[in-house]
Amino acid sequence: MRNLLLISNSTNPGEPYLGWCKELIANWCKENHVKTALLIPFAGVTVSWDDLTSKVKEIYAEFDVEISSIHQYPNPVEAVKNAECIVVNGGSTWNLLAECYKQDILDVMREKALSGTPYMGWSAGSNLACPTIKTTNDMPIIEPESFNAMNLIPFQINPHYLDAHPTGHGGETREDRIKEFMVINPNTYVAGLREATALVIKGDKIELVGREKNMRVFKFGQEIKEYPLGSNIEFLLK
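Residues numbered from 1 in each chain as written. Predicted model: local features only at pLDDT ≥ 70, side-chain atom pairs only at ≥ 80, totals over all residues. Heavy atoms only, no water.

Looking at the overall build of the chain
Looking only at helices and strands, the chain features seven helices and 11 strands. Against the 2.2 N^0.38 benchmark of 18 Å for 238 residues, the chain shows a C-alpha radius of gyration of 17 Å, consistent with a compact globule. With respect to the three principal axes, the spread of C-alpha positions in the chain is 45 × 35 × 35 Å. Looking at the chain as a whole, 53% of its 238 residues are labelled buried. Taking the contacts inside the chain whose residues are at least 6 apart along the sequence as the reference set, 70% of them involve residues at least 24 apart. Only carbon and sulfur atoms are counted for the fraction: they give 49% of the accessible area of the chain, which is about 11200 Å². Counting 23 positive and 30 negative side-chain charges, the chain places the centres of these two groups 4 Å from one another. (Helix = DSSP H or I, 4+ residues; strand = E, 2+ residues; numbered from the N terminus. Rg over C-alpha atoms; globule rule 2.2 N^0.38 Å. Buried < 20%, exposed > 50% of the residue type's maximum accessible area, 1.4 Å probe, protein only. Contact = heavy atoms within 4.5 Å. Areas by Shrake-Rupley, 256 points an atom, 1.4 Å probe, with all protein chains shown as cover. Lys, Arg positive; Asp, Glu negative; His and termini not counted. Charge placed at Lys NZ, Arg CZ, Asp CG, Glu CD.)

Shown next as structure tokens:
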């Protein structure tokens, strides 16, 4: 049974790393009796995996969850198999997926998560839970073996979803890019997950949580719809 916490972003302007969602994470860990968690830091590119681990470890220690990182284990596959909980930070979705393929852990992570092991990700970590990484926002700085991700959910997420079209900007908006995706992938929903929001998924139940912001849902041939907190969005899991 899936047990997922998929967060749009780690940092809001003027707030510390994981500041806006710390209470959400703490409560989720408590509800799922998480005491130890395995960090997958591969989305980190401009910051070292050691530094990322220290940063996340310090925060999770505040609610009595011990973090270790997969890059510190001699056998990554065994580390995933033995994990009580899996945590995947944000950064480069491309590097994250490429490294997961390189270390041969993607299928093992998927099996663990589908069997009920709690999985938590933010930004790139949320992208990794989707069928593919085709709705990530970042540049393809490295070529993974495939665009296929963990496929823990049947829909795509676009984290950090923005409505804005900056003054003087002549390029496509986020909405434009998602519409392009839908033309090529007409059977797939895309959830535009605005910052300071997250999705909690348990089995076949799904809930939008966080601050008072709507989620924007796209589907080819359908009107774009806004869903506030508390909405019935279980159709995304069908």
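Next, the rest of the story.
Looking at the packing of aromatic side chains
As enumerated under the stated definition, the model contains seven aromatic pairs in all. For the ring pair Y17 and W122, a centre distance of 6.3 Å and an interplane angle of 80° mean the geometry is edge-to-face. Highlighted residues: Y17 in the loop between β1 (3-7) and α1 (22-31) and W122 in strand β5 (residues 119-122), separated in sequence by 105 residues. Each member of the pair Y17 and W122 is classed as buried. One aromatic cluster is present, built from ring pairs that chain together Y189, Y227 and F235. (Phe/Tyr/Trp six-rings, centres within 6.5 Å; stacked < 30°, edge-to-face > 60°.)

Examining the side chain of T197
By the secondary structure assignment, T197 is in strand β8 (residues 197-202). Polar contacts involving the side chain of T197 include one to the main-chain carbonyl oxygen of R194, which spans 2.4 Å. If we skip the residues at most four places from it in the chain, T197 touches I7, S8, N9, W20, L208, V209, G210, R211 and K213. (Polar contact = N/O pair within 3.5 Å; in protein donor to acceptor, adjacent residues only side chain to side chain.)

Concerning the pattern of salt bridges
One side chain can pair with another of opposite charge once the charged atoms of both are near each other. Scanning the model with the defined rule gives 13 salt bridges in all. The shortest N-O distance in the salt bridge between R216 and D163 comes to 3.9 Å. Of this pair, R216 sits in strand β10 (residues 215-218) while D163 sits in the loop between β6 (156-159) and α7 (174-184), placing them 53 residues apart in sequence. Under the relative-accessibility criterion, D163 is labelled partly exposed at 45%. Judged by relative accessible area, R216 falls into the buried class, the value being 15%. Linked through salt bridges whose partners overlap, the residues forming this network are D163, E175, K179, R194, R216 and E226. (Salt bridge = Lys/Arg side-chain N within 4 Å of Asp/Glu carboxyl O.)

What is shown is where atoms sit, not what they do.
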